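# Topology and contacts: notes
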Amino acid sequence: MHPHDSNRRRYGEAVFRPEQAGEGERIDFGALAYDDVTLARLTALGAGPGWRCLDVGAGTGTVSRRLLEEAGVESVLAVDRDVRFLAERPVPGLDLLEADVTAPDFSPGRFRLVHARFVLMHLPERERVVARLAELVEPGGVLVLSDAVDLTSDGAPATPYTRAMRAMWRGLRDTIGTDVSWVPSYPALLRASGLSGVAAEIHVPPLVPGSPISRFWADTWERSRTAMVATGLVDDAGLDGAVRYLESAQCAALSAGMLTAWGRR
């Protein structure tokens, strides 16, 4: 057990609070970086007319809405611990459920598609949650999990960017328990949950000045600044320098990416 486990708070409490100005925009920068990849994978797996879908940790609802509007699925139940961003743009077929996916009584039904992106990496009870989500997939349906993978922190030369990223991962682990080190084990977890046809892929968006992913990291660092500085790995000036580096012609770095794994019931 990590020494800070007893006083650790959760995503949306210590950092990334939904009521904080600009949080919806921060999430949307991440969506701009990854939604096309997510939608292409979900439709390649068959998501389309007649499918009832569960979108766990739906955030601002960009994936949920595109499943309805572009893939033509029958319905999406969008679940989040705070649905304020989801409620701002209702569309036909989109149902909202304010709930905690880790709660023992979380049982919203069975679905042809169960999707969770950038959710499990923040949860301590992740293995149990993977097994639970697999149980919500109806026969013939698919579970799709996406989370961050960090390909940069170990082997990359020290730059303002890599120092900030190391501090971010450590700071998030210390404050809310975020841990991306186990994300490459997703395929094995899906197989252990009884799913078949398991496979995975990684997407890393290009880190160029002004890109959605660069804006996302700058916003994320700003919101987790206190936790990052508390690690001792970076100070305020170093963090400001890292943001400037992201927007400069000197930037030569690899973003953290997204691993997506899936399996069929």
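Residues numbered from 1 in each chain as written. Predicted model: local features only at pLDDT ≥ 70, side-chain atom pairs only at ≥ 80, totals over all residues. Heavy atoms only, no water.

## Re the environment of Leu172
One can find Leu172 in helix H5 (residues 160-176). Distance from Leu172 to Ser224, taken between C-alpha atoms, is 7.5 Å for residues 52 residues apart in sequence. (Helix = DSSP H or I, 4+ residues; strand = E, 2+ residues; numbered from the N terminus.)

## Quick look at the pairing of strand S7 (residues 257-264)
Burial runs high along S7: seven of the eight residues are buried. Pairing geometry for strand S5 (residues 137-149) and S7, over eight bridges, is antiparallel. If you follow Ala148 over to S7, its bridge partner there is Met258. Bridge count between strand S6 (residues 196-203) and S7: six bridges; the pairing is antiparallel. Bridge pairing in S7 links His203 to Met258. (Buried < 20%, exposed > 50% of the residue type's maximum accessible area, 1.4 Å probe, protein only. Pairing = 2+ DSSP bridges.)

## Overview of the side chain of Ser211
Mapped onto the elements of the fold, Ser211 is located in the loop between S6 and helix H7 (212-223). Looking at Ser211, its side chain comes within polar contact range of the side chain of Ser214, at 3.0 Å. (Polar contact = N/O pair within 3.5 Å; in protein donor to acceptor, adjacent residues only side chain to side chain.)

## Quick notes on unusual backbone geometry
What you tend to see is this: most non-glycine residues have negative phi, and most peptide bonds are trans. For Phe118, which is not glycine, the phi dihedral falls at a positive 55°. Turning to its location among the elements, Phe118 is positioned in the loop between strand S4 (111-117) and helix H4 (126-135).

## A look at the confidence of the model for the protein
Atomic detail in the predicted coordinates should be set aside for any region of low pLDDT. Of the residues in the protein, 88% reach a pLDDT of 70 or more, and the chain-wide mean stands at 87. Within the model, the stretch residues 1-7 combines pLDDT values under 50 with four contacts to residues more than four positions away or in other chains. (pLDDT = per-residue confidence, 0-100. Contact = heavy atoms within 4.5 Å.)

## Here we look at a nonpolar patch on the surface
The grouping of Leu151, Ile202 and Leu254 at the surface amounts to a nonpolar patch, some 270 Å² of accessible area in total. As for its placement among the helices and strands, Ile202 is situated in strand S6. Residue classification places Ile202 among the partly exposed positions, given a relative accessible area of 47%. (Patch = residues over 30% accessible without salt bridge, like charges linked within 9 Å, V, L, I, M, F, W, Y side chains within 5 Å. Areas by Shrake-Rupley, 256 points an atom, 1.4 Å probe, with all protein chains shown as cover. Salt bridge = Lys/Arg side-chain N within 4 Å of Asp/Glu carboxyl O.)

## Looking at the sheet that holds S7
In space, the seven strands of this open sheet follow the order S3-S2-S1-S4-S5-S7-S6, with mixed pairing throughout. On the outer flanks of this sheet lie strand S3 (94-98) and S6, each paired with one strand and no other. Going across the sheet, the axis of each strand differs from the next one's by a mean of 15°, ignoring polarity. The pairing of strand S1 (residues 52-56) with strand S2 (residues 75-80) spans five bridges and is classified as parallel. Among the inter-strand pairings, Asp55 is bridged to a residue of S2, identified as Ala78. (Axes fitted to C-alpha atoms, helices over the stretch in contact; angles between N-to-C directions.)

## Digging into the packing of H5 against H7
Running from N to C, H5 and H7 cross one another at 55°; their axes reach a closest spacing of 11 Å. Comparing the axis directions of H5 and H7 gives the class oblique. Crossing geometry of H5 relative to H7 is assigned as left-handed. Between H5, through Tyr161, Ala164, Met165, Met168 and Trp169, and H7, the contact on the second element is made entirely by Trp217, Thr220 and Trp221. Per-class residue counts for the contact of H5 with H7 are seven nonpolar, one polar and no charged. (Parallel < 35°, antiparallel > 145°, perpendicular 65-115°, else oblique. Left-handed = near helix turned anticlockwise from the far one by under 90°. Nonpolar A, V, L, I, M, F, W, Y, C, P; charged D, E, K, R; others polar.)

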